[in-house]
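# Structural overview for review
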Amino acid sequence: MTKRMTAALCAAAFALMSFGAWAQSSQKVELKIAWWGSQVRHEATIKVIELYQKLNPNVSITYEFASFDDYWTKVTTMAAGGQLPDVMQQDYSRIAEWQKRGLLEPLDSYVSSKTLNLSDVAKPIIDSGRLDGKLYAVSLGSNSYSMMLDVDAFKKAGVPLPAQDWTWNDFEKVAMKIHEKLGIYGIGGGFEVDELAWKSTLLSAGKTMYTADGKNLGYDQSYDRLLVDNLKLLQRLIKAGAAPTYAEYLASFGGSSNNVQLDAIVTGKSAIEAVWSNQVVAVAKAAGPGRNFAVVHLPRLKKGGTPGNFLKPSQFFSVTSQSKNKVEAAKFIDFFTNDLEANKILNAERGVPIAGKVRAALKETAEPVNKEIFNYLDRVSKDAAPTPPPEPSRHADIRNNVYVPLIREQVFYGQITPEDAVKQLRAKALEILLKP
Amino acid sequence: MRISVAARRKNALNDLSGYLFISPWLVGFIALTLAPLLASLYFSFTNYDILSPARWTGLENFKKMFFNDPRYWKSVKATLYYAVFAVPLRLGVALAVAMFLNRKRRGIAAYRALFYAPSIVGDSVAVAVMWRQIFGGEGLINACMRLVGLPGKTLWLADPRFAIWTLILLAAWQFGSAMLIFLAGLKQIPSELYESASIDGAGKLRQFASITIPMLTPIIFFNLVMQMINGLIVFTPALIITNGQPLDTTNFYALYMYRRAFENFQMGYASGMAWILMVVIAGLSALIFKTSGRWVFYESEGR
């Protein structure tokens, strides 16, 4: 290399360095945002981020996304290293834990200064992100568990669509009848997978899984019968062929792969499926055009009783305490909540939008399935069990190491009776909850 | 012995330059291996969830592991079951293929490459995904069974009787690295031994039992230790193919440890599990080493 070339290279390098310094001094704000979700959500969210950058050229946003389980692994490691994103998606079942550890930033000052404008949001929805009197999170949408119905299958079987206040008895009859007439499953898998059977029957009886302080179970032994009955009901359906066995569910309906394409209701192998209302859109999309779906409340214990539904903030955005640009982070959440264009892109995939104007505008332009969800959430907000307190941090342990192996697996592989399983569930859950 | 000051200084200087030369490795070892190792030992006596500082709990984790966690023992059982079948099976297949490839014929190099190919993709996620398709409800195996008139409705991956065997089969199929080592070993066996044996009238089987196996024992020994360790830390196939299900029959030790660590954030408990696993592996390796004197044959010992 000649001397002159070296000198030229040095000069070039120096020029680049000084350019870098200059670029930094132009106050480009860097934001990092993280969320979990499905492919549909990733694409929509990235589009909104791009829109935001176009409107705010001084902001440059990086992002990370993952599936639910991977997400928590990721952000927990980030938290340990002080590398948390500025804005992170939060979940109702985890937020208490994160707030307790001081990892989240209170948002009240941004709300009162209207940096984050929540004046168009109903108070109970805002308060769902409030802990110890302070606001730590903004709901990204309202959600409720639901029974998704394949309307065409119901018609073909000559079974009328269930009413809003149907009971578990009605549910069993409907599922059996559909199986008799069409030979398909009345209810697809997944029903027993979440804590649905456990949680919703308790809600329907006016109880909650845990006490408000999260240090004990929220119901006494006399209520164990509810879960037992529900498991037995499902066993009857499986025996009759009106619901898939757990093995079939694992093997054929994407049990462990979380693949919507394989859902029994998508492939036409089932007429009913239990899903979170915000997932209905993705399921309907996977089923393709020309299919008709309706959404109805979860069955309840008795006619005219409390439903097993509650209104859940689908997920939140929180600003982390490790963020260096908290004001900008709050501005982004404001955009996500109130901007009409952004919400048109997001298309209520995170649940029904919380801002009144956005909701009204979206409802008008919505496709039939989305409209169904909007109406469903309207119905639920008038007819739901009170929202239970967020799950205690030990819930994850109880779910993963007690409920799933015991109820989901041993009961449905016929290794243990529902009675014994529920008894053990109580004992082991208490053991975890009462540990100091 | 008396050493002059100058010589001693020179020695020290020598040592120092030696350490300096290996310092990149030393730094790496201390920062990336030793420190985490010690940290995990410490964490195994604590309750640590990453987000909040570790809290000392003494032997609590181990007590829970041994006396109060049925899933733990299930994972131990599953792992041992897997290792007991998968390791000999893989070694057997590896040896058989190695012997098949240890012939002089045209194009043998191509065959070797072909048989080694599965092991290049070996332990990868892609293979696991493929395996899931093959044994799925609508997979290749069931399709083939239907072709020959069998029902072909078995849910291999969701049936507690079969799920673990799909993983054991996968292990047998990934024989490549062991096979390569066997092949190298086979090539070391002097052909005179076979020649004189066949002159003495020994058949193929006798030659295998009396020449091949004894001469190969050092290689078998090495492969056994390596594969046993591999078998006990099996992770990827169980995570991707069966996800530990059904009924925890494929919830192997390493997978369960991962779950405790990264799904429940019980790092202390998981660290404890890791140390127990290490002790067990070290113990089993020591055992194999100890018995090796009785069955491993070294030519150079001059017996």
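For chain A, the count of helices and strands is 18 helices and 13 strands. Here chain A has a C-alpha radius of gyration of 24 Å; the compact-globule value for 436 residues is 22 Å, and the two agree. Taken along its principal axes, the extent of the C-alpha atoms in chain A is 85 × 55 × 55 Å. When contacts within chain A are restricted to residue pairs at least 6 apart in sequence, those whose partners lie at least 24 apart make up 74%.

Residue and element names in this part refer to chain A. Sheet architecture is open: four strands sit in the order β9-β10-β8-β11, paired in mixed fashion. Each end of this open sheet is capped by a strand with a single partner; those strands are β9 (185-187) and β11 (293-296). Along the sheet, successive strands turn relative to each other by an average axial angle of 25°, direction set aside. Inspection of the sheet shows β9 paired to strand β10 (residues 270-276) by two bridges, in the parallel sense. Bridging from a neighbouring strand, Ile 187 pairs with Ile 272 of β10. Here helix α8 (residues 168-182) sits on the sheet and contacts β9 and β10; the angle it forms with β9, its principal contact strand, is near 160°.

On to the nonpolar core, then. Core analysis: the biggest nonpolar cluster contains 173 residues, and Met 148, Val 280, Val 283 and Ile 373 of chain A have the highest contact counts within it. Here the element with the most residues in this core is helix α3 (residues 70-101) of chain B; it accounts for eleven residues. When we break this core down by domain, the ones giving at least three residues each are domain 1 (28-140 + 314-382) and domain 2 (145-309 + 394-434) of chain A.

This part takes up the confidence of the model for chain B. Taken over all residues, the pLDDT of chain B has a mean of 86, while the share at 70 or more is 97%. Scoring of the predicted complex yields 0.78 for pTM and 0.70 for ipTM.

Here we take up the domain arrangement of chain A. All names here are of chain A. As far as domains go, chain A holds domain 1 (28-140 + 314-382) and domain 2 (145-309 + 394-434). Using C-alpha coordinates to define each centre, domain 1 is positioned 29 Å away from domain 2. On the domain 2 side, the residues contacting the 15 residues of domain 1 number 14 residues. With eight residues, the top contributor of residues to the side of domain 1 that touches domain 2 is helix α16 (residues 368-382). Within the side of domain 1 that touches domain 2, the residues separate by chemical class into six nonpolar, five polar and four charged.

All names here are of chain A. The end-to-end C-alpha distance of helix α10 (residues 224-240), which contains 17 residues, comes to 25 Å, matching closely the 24 Å that a straight helix rising 1.5 Å per residue would cover. Among the residues of α10, those classed as buried are Leu 226, Leu 227, Asn 230, Leu 231, Leu 234, Leu 237 and Ile 238. Down the axis, α10 shows its buried residues gathered within 125° of arc, on one side only. Each element contacted by the buried residues of α10 is listed here: α8, β9, α9 (196-204), α17 (395-411) and α18 (418-434).

Let's shift gears to the packing of helix α4 (residues 108-121) of chain B against helix α8 (residues 176-188) of chain B. Residues and elements named next belong to chain B. Contact geometry of α4 with α8 gives a least axis separation of 8 Å together with a crossing angle of 140°. It follows from the interaxial angle that α4 and α8 lie oblique. Each of Phe 115, Tyr 116, Pro 118 and Ser 119 in α4 lies in contact with α8, whose residues at this interface are Gly 176, Ser 177, Met 179 and Leu 180. The class makeup of the residues in the contact of α4 with α8 is five nonpolar, three polar and no charged.

Facing the 21 residues of chain B at the interface are 22 residues of chain A. With three residues, the single largest contributor to the side of chain B that touches chain A is helix α12 (residues 253-263) of chain B. Class assignment for the residues of the side of chain B that touches chain A results in ten nonpolar, six polar and five charged.

Residues and elements named next belong to chain B. As a packed pair, α3 and helix α7 (residues 163-173) sit with axes 8 Å apart at the nearest point and diverge in direction by 30°. The chirality of how α3 crosses α7 is right-handed. On α7, the residues that touch Ala 78, Tyr 81, Tyr 82, Phe 85, Ala 86, Leu 89, Arg 90 and Val 93 of α3 are Ile 164, Leu 167, Ile 168, Ala 171 and Ala 172. A class-by-class count of the residues in the contact of α3 with α7 yields twelve nonpolar, no polar and one charged.

All names here are of chain A. Tracing the backbone shows Arg 236 in helix α10. Taking the number of C-beta atoms within 10 Å as the measure of exposure, Arg 236 has 14 and is therefore partly exposed. On a C-alpha basis, the gap between Arg 236 and His 395 in space is 29 Å, while along the polypeptide they are 159 residues apart.

Cut-offs used in this document
- Residues numbered from 1 in each chain as written.
- Chains lettered and ligands numbered in written order.
- Predicted model: local features only at pLDDT ≥ 70, side-chain atom pairs only at ≥ 80, totals over all residues.
- Helix = DSSP H or I, 4+ residues; strand = E, 2+ residues; numbered from the N terminus.
- Rg over C-alpha atoms; globule rule 2.2 N^0.38 Å.
- Contact = placed C-beta atoms within 7 Å.
- Pairing = 2+ DSSP bridges.
- Axes fitted to C-alpha atoms, helices over the stretch in contact; angles between N-to-C directions.
- Core = buried A, V, L, I, M, F, W, Y, C linked by C-beta atoms within 7 Å.
- Buried ≥ 20, exposed ≤ 12 C-beta atoms within 10 Å, placed from the backbone.
- Domains from an automatic or database assignment.
- pLDDT = per-residue confidence, 0-100.
- Nonpolar A, V, L, I, M, F, W, Y, C, P; charged D, E, K, R; others polar.
- Expected span 1.5 Å × (residues − 1).
- Arc of directions from axis to C-beta.
- Parallel < 35°, antiparallel > 145°, perpendicular 65-115°, else oblique.
- Left-handed = near helix turned anticlockwise from the far one by under 90°.

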